[in-house]
Every structure is written in structure tokens, then in C-alpha cells.
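These are the residues of each chain, in order.
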Amino acid sequence: MSEVKLSSLFRVTVTEYERGWGQRVDPNDTRFFTTLEEAEKYAKHWEEGGSPDYYFRARIEKVN
């Protein structure tokens, strides 16, 4: 069994923005990763595409 150390855990929170509607965070889109590279890849996936009216932004935080 492998141990997960909190000092090497990254949380990615995805926020959806829609003009005229506002913003929302769906807890189902929040993910945890053990490497920064994996977290960046997941964040990039959400931030691709979109339009001025509808887009996503992902925030990466190191969990301590």
C-alpha cells in the first residue's frame, strides 16, 4: 500500500463562468493529484477553448 504525503498533494478547483449567469464551482470537478505535472495537465484540459460568454478556469493549490 502506498502512502500519500500531504506535502506533495495538489488540489485543482474548476470554476465555470457564464455571462449573465455568473460563476459556479462544481465539487465533482475538483480533483487531487500527487504531482504538479498531473495537476497542470488537468487544469489545462479545462481551460482550453471557451468563448467570452462561457469558459472555465482552474486553480491549482498545494495542500499542506
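Student: Mind showing me how you'd approach the pattern of salt bridges here?
Tutor: It is possible for side chains bearing opposite charge to pair when their charged atoms get close. A full pass over the atoms with the stated rule returns 5 salt bridges. The closest approach of N and O atoms between Arg59 and Glu61, which form a salt bridge, is 3.4 Å. Glu61 sits in the partly exposed class, given a relative accessible area of 25%. Salt bridges here are not isolated pairs; linked through shared partners, they connect Arg11, Arg59 and Glu61.

Student: Whenever I open this one, the packing of aromatic side chains confuses me. Can you help?
Tutor: Each aromatic ring pair is specified by the distance between its two centres and by the angle formed by the two planes. In the structure shown here, the tally under the stated rule is 5 aromatic pairs. Here the aromatic rings of Tyr54 and Phe56 are separated by 5.5 Å at their centres, their planes lie at 75 degrees, and the arrangement is edge-to-face. Given the relative accessible area of 35%, Tyr54 is considered partly exposed. The exposure class of Phe56 is buried, given its relative accessible area of 18%.

Student: Before we go on, may I ask you to explain the confidence of the model for the protein in this structure?
Tutor: Any segment with low pLDDT has predicted coordinates that should not be analysed in fine detail. Looking at the protein, pLDDT values average 90 and 92% of them are 70 or higher. Between the elements of the protein, mean pLDDT differs from a low of 92, seen in strand 2 (residues 22-25), to a high of 96, seen in helix 1 (residues 36-47).

Student: Sorry if this is basic, but what is going on with the side chain of Thr13 here?
Tutor: Locating Thr13 in the fold gives a position in strand 1 (residues 9-18). Relative accessible area serves as the criterion here: at 10%, Thr13 is assigned to the buried category. Excluding residues within four positions of it along the chain, Thr13 makes contact with Val25, Thr30, Arg57, Ala58, Arg59 and Glu61.

Student: Help me understand the environment of Arg19, please; the structure alone is not making it clear to me.
Tutor: Following the sequence through the fold, Arg19 ends up in the loop between strand 1 and strand 2. In sequence terms Arg19 and Tyr55 are 36 residues apart; their C-alpha atoms lie 9.3 Å from each other.

Student: Would you take a moment to explain the side chain of Asp26 for this structure?
Tutor: Inspection of the secondary structure puts Asp26 in the loop between strand 2 and strand 3 (31-33). Within polar-contact distance, the side chain of Asp26 engages the backbone nitrogen of Asn28 at 3.0 Å.

The rules behind each value
Residues numbered from 1 in each chain as written. Predicted model: local features only at pLDDT ≥ 70, side-chain atom pairs only at ≥ 80, totals over all residues. Heavy atoms only, no water. Salt bridge = Lys/Arg side-chain N within 4 Å of Asp/Glu carboxyl O. Buried < 20%, exposed > 50% of the residue type's maximum accessible area, 1.4 Å probe, protein only. Phe/Tyr/Trp six-rings, centres within 6.5 Å; stacked < 30°, edge-to-face > 60°. pLDDT = per-residue confidence, 0-100. Helix = DSSP H or I, 4+ residues; strand = E, 2+ residues; numbered from the N terminus. Contact = heavy atoms within 4.5 Å. Polar contact = N/O pair within 3.5 Å; in protein donor to acceptor, adjacent residues only side chain to side chain.

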